[in-house]
Structures are given as structure tokens and as C-alpha cells.
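Next come the chains, spelled out residue by residue.
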Amino acid sequence: MYPLRRHRRLRQSEAIRALVRETTINPNDFLVPLFVVEGKGVKEEIASMPNYYRFSLDLLEKEVKTLWKLGLKAVLLFVKVPDNLKDNSGTEALNPEGLMQRAIMTVKNTCPDMLVMTDVALDPYSSFGHDGIVHGGQILNDETNSILAEMSLSHAQAGADFVAPSDMMDGRIFEIRSLLEDEGFHNTGIMSYSAKYASGFYGPFRDALDSAPVDIKDVPKDKQTYQMDPANRMEAIRETQMDIDEGADIVMVKPGLAYLDIVRDIKNTVDVPVAVYQVSGEYAMLKAAAEKGWLDHDAVMMEQLISIKRAGANIIASYFAKDVVKLLS
Ligand code: PBG
């Protein structure tokens, strides 16, 4: 009781604040998403993601070296697939010489100790912009799972350390784990996007990869039949528990900031590492507000990341990773 207790005693100086601080951010927290395109010498800024780029393989090499020097040791690869290679079943995703497979090899050749995780989903390869095969106005579940498993195997063969299925089909972790085991890839890990919500925050990412669902007859306009309803909380636990039972090594909640209650629920329930994806829309909002001078970029960036970690994240996939590490050093 006051004055025996004065909370401000622990806030008087940076030294005492640092001493009692419960949550800190360091380079080991981050997984860096990278967007890869065909071509040479390409470094294109993504319009809705200021200061974030798509790289061709030669410049990907340079970027990976930079990340490693900054102490960032894990990347999450996404590819922008040319339109003429897209179809309904993601055939190009299984091409051993495909852009993803070459990107994996490029990172591993450049920086063998860099942890390489790969996106596994059909949407960048889909002519309809969906994470699975479209048929009769539906997204087929089991047929999609077989392709996701083949895709994961192909990434593992190219040298990926972890595959990261972001599609939200039911049972895909089991299919992927089983095929990897059958083919001898016992040590290839799975980071499952286990509680992934049907979110408006993915807009800039779909610009980056040109992967939004297309607006044509008999193709669902959104992903609400497979991604989760933002209104639901219990379902996140069911989804996540099932992915762990099926063999996920790391689980994920996505998006980040608007879903921190879910992060805490999951953290309190499971015994595997929990990743959080601070998604493209979260990045875009802060960049835009900061450009207008309405928010202090660095202060809000750090506050958001601390909040994600405080909520229970062991790993944060974030487009701010480089900005943060530079700020810290
Ligand atoms: C698709 C995928 C998406 C993201 C990662 N993988 C978008 C979607 O589900 O439509 C979003 C990431 C971001 O917004 O930063 N499989």
C-alpha cells in the first residue's frame, strides 16, 4: 500500500528499467521473409510495402550475406511465379528446377548455416490465386494435400531445413510428415501455419506475389472456407493441437498484433515453440503512418514486436527484422 509501495521506484532510470525488464528483442527472435523473382539484377520495391523488395537470385545472394552479417540466421522464402507457369494444380511447384528450388540452393550455397524455411501452398502457383485446387466452386482438400506433400519433398530435396505449410487444408501436416519420413527426410522440420485467420491484413503480400484470388465465375472470391474466422478463439486451439499431433515441430499464429489473445492461449496450451507472423498489412500500416509523420516509426515498431513477444511468441516472422537489428546495434 502507498507509500510503502511506489511503483515509480522501478522506473526512475534506464538502468533500473533495464534491470527489471521482462521482455527483450534480439536478432535470434526473427525469421526474415524474402520474396524471390526470376531475372538478373532485379531488386524491385513492393508498392504497398515501402523499403521491402523482390530479389532475383543473384541479388538474393547479396541480401542473404547482409542478413547473416547482421546476425539474422533464418529466412522464409516466397516466390513470385510468372503467369504463364500458373495452373489450377500448381504443377510448377514440383519442378526441381523451379524458382523456389533454385532459391533454396542459392541461399544454402551462399550461406550454408542460414536456416532455410520455405512457403508451402499453391497460391503463388495457382491461376486462380487459391491455396488449393479449385473444383466446382470449392477448394479440394485431400487432392491438395497430396500436392503439398510432394512440394514439401521437393523443397527438402533442394536443401530446405524446414517447410512451412501456409494453406490451412485439414490433415496436410500428417501427409507432409509421412512423405518426408518415407523418403528419409527425418530431420526436415515442419513449421505449421496452424491458426491462420482469413484476414484483410494480407493485402500487400498478395500484391508482392500477385497471388490474390481472381474474380471469375465459380472461383471463391476469398479464403473463408479454409482460413479461420477472426471471431473464433477455441478453434485456434483445436487447429493447433491437431497440427502438433500430426507432426508439426513449430506452430504459428497469423496475423500478429490483432491476434495476441490467441498467441497467449496457444502459448499456455502447447509445449512446442510458437511462431507469430507479423504480416504485410501490419508492416504497411506503420510505414504509411510514419511517412505521414503521424507515428514515430522506430518507437511503434519496437513496441509492436515487444508486445508480440510478451504475448508468447518464441519466433517472429517480420518484415521489420533488418530495421530492428540495425536499430539495436
Ligand atoms: C498464402 C500466404 C499468405 C501469406 C503468407 N502465405 C497470404 C494469404 O493467405 O492469402 C501472408 C503473409 C503476409 O501478409 O505478410 N499461402
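Look above for the structure.
Residues numbered from 1 in each chain as written. Predicted model: local features only at pLDDT ≥ 70, side-chain atom pairs only at ≥ 80, totals over all residues. Heavy atoms only, no water.

## Focus: the packing of helix H8 (residues 260–269) against helix H10 (residues 297–311)
Thinking step 1. As a packed pair, H8 and H10 sit with axes 8 Å apart at the nearest point and diverge in direction by 30°. Here H10 runs roughly parallel to H8, going by the angle between their axes. Packed against H8, whose contacting residues are Leu260, Val263, Arg264 and Lys267, the element H10 presents Ser307, Ile308, Arg310 and Ala311 at the interface.
Thinking step 2. For the contact of H8 with H10, the residue count by class is 4 nonpolar, 1 polar and 3 charged. (Axes fitted to C-alpha atoms, helices over the stretch in contact; angles between N-to-C directions. Helix = DSSP H or I, 4+ residues; strand = E, 2+ residues; numbered from the N terminus. Parallel < 35°, antiparallel > 145°, perpendicular 65-115°, else oblique. Contact = heavy atoms within 4.5 Å. Nonpolar A, V, L, I, M, F, W, Y, C, P; charged D, E, K, R; others polar.)

## Focus on the site of the ligand
Thinking step 1. In the neighbourhood of the ligand, 18 residues make up the surrounding shell, with Arg206, Lys223, Lys254, Ser280 and Tyr319 lying closest.
Thinking step 2. Lys223 has a polar side-chain atom sitting 2.7 Å from an oxygen atom of the ligand.
Thinking step 3. At a separation of 3.4 Å, a nitrogen atom of the ligand approaches a polar side-chain atom of Lys254.
Thinking step 4. Isolated, the ligand exposes 400 Å² of accessible area, and the fraction of that covered by the protein chains is 100%.
Thinking step 5. Residues of the shell around the ligand, tallied by class, amount to 8 nonpolar, 3 polar and 7 charged. (Near = heavy atom within 4 Å. Polar contact = N/O pair within 3.5 Å; in protein donor to acceptor, adjacent residues only side chain to side chain. Areas by Shrake-Rupley, 256 points an atom, 1.4 Å probe, with all protein chains shown as cover.)

## Some details on the side chain of Thr118
Thinking step 1. You can see Thr118 is positioned in strand S5 (residues 115–120).
Thinking step 2. Among all residues touching Thr118, those that are not within four sequence positions of it are Leu76, Leu77, Met100, Ile104, His155, Ala160, Phe162, Val163 and Ala164.

## A word on the environment of Glu63
Thinking step 1. Following the sequence through the fold, Glu63 ends up in helix H2 (residues 57–69).
Thinking step 2. Accessibility expressed as a relative area gives 10% for Glu63, which makes it buried.
Thinking step 3. It is 9.6 Å that separates the C-alpha atoms of Glu63 and Val107, two residues lying 44 residues apart in sequence.
Thinking step 4. If we skip the residues at most four places from it in the chain, Glu63 touches Leu34, Phe55 and Lys322.
Thinking step 5. Side-chain polar atoms of Glu63 contact the side chain of Lys322, separated by 2.8 Å. (Buried < 20%, exposed > 50% of the residue type's maximum accessible area, 1.4 Å probe, protein only.)

## Examining a negative patch on the surface
Thinking step 1. A cluster of acidic side chains, namely Asp142, Glu143, Asp170 and Glu175, defines a negative patch on the protein surface.
Thinking step 2. You can see Asp142 is positioned in helix H4 (residues 142–158).
Thinking step 3. For Asp142, a relative accessible area of 55% corresponds to the exposed category. (Patch = residues over 30% accessible without salt bridge, like charges linked within 9 Å, V, L, I, M, F, W, Y side chains within 5 Å. Salt bridge = Lys/Arg side-chain N within 4 Å of Asp/Glu carboxyl O. Lys, Arg positive; Asp, Glu negative; His and termini not counted. Charge placed at Lys NZ, Arg CZ, Asp CG, Glu CD.)

## Some points on the pairing of strand S11 (residues 274–278)
Thinking step 1. When you tally the buried positions in S11, you get 5 out of 5 residues, the bulk of the element.
Thinking step 2. Pairing geometry for strand S10 (residues 250–254) and S11, over 3 bridges, is parallel. Among the inter-strand pairings, Val253 is bridged to a residue of S11, identified as Val276.
Thinking step 3. This β-α-β element, S10 to H8 to S11, shows right-handed connectivity.
Thinking step 4. Relative to strand S12 (residues 315–318), S11 is paired through 4 bridges, and the arrangement is parallel. Within S12, the residue paired with Ala275 across the bridge is Ile315. (Pairing = 2+ DSSP bridges. Right-handed = clockwise from strand over helix to strand, strands pointing away.)

Everything listed here is a matter of coordinates, which is why it stays silent on function.
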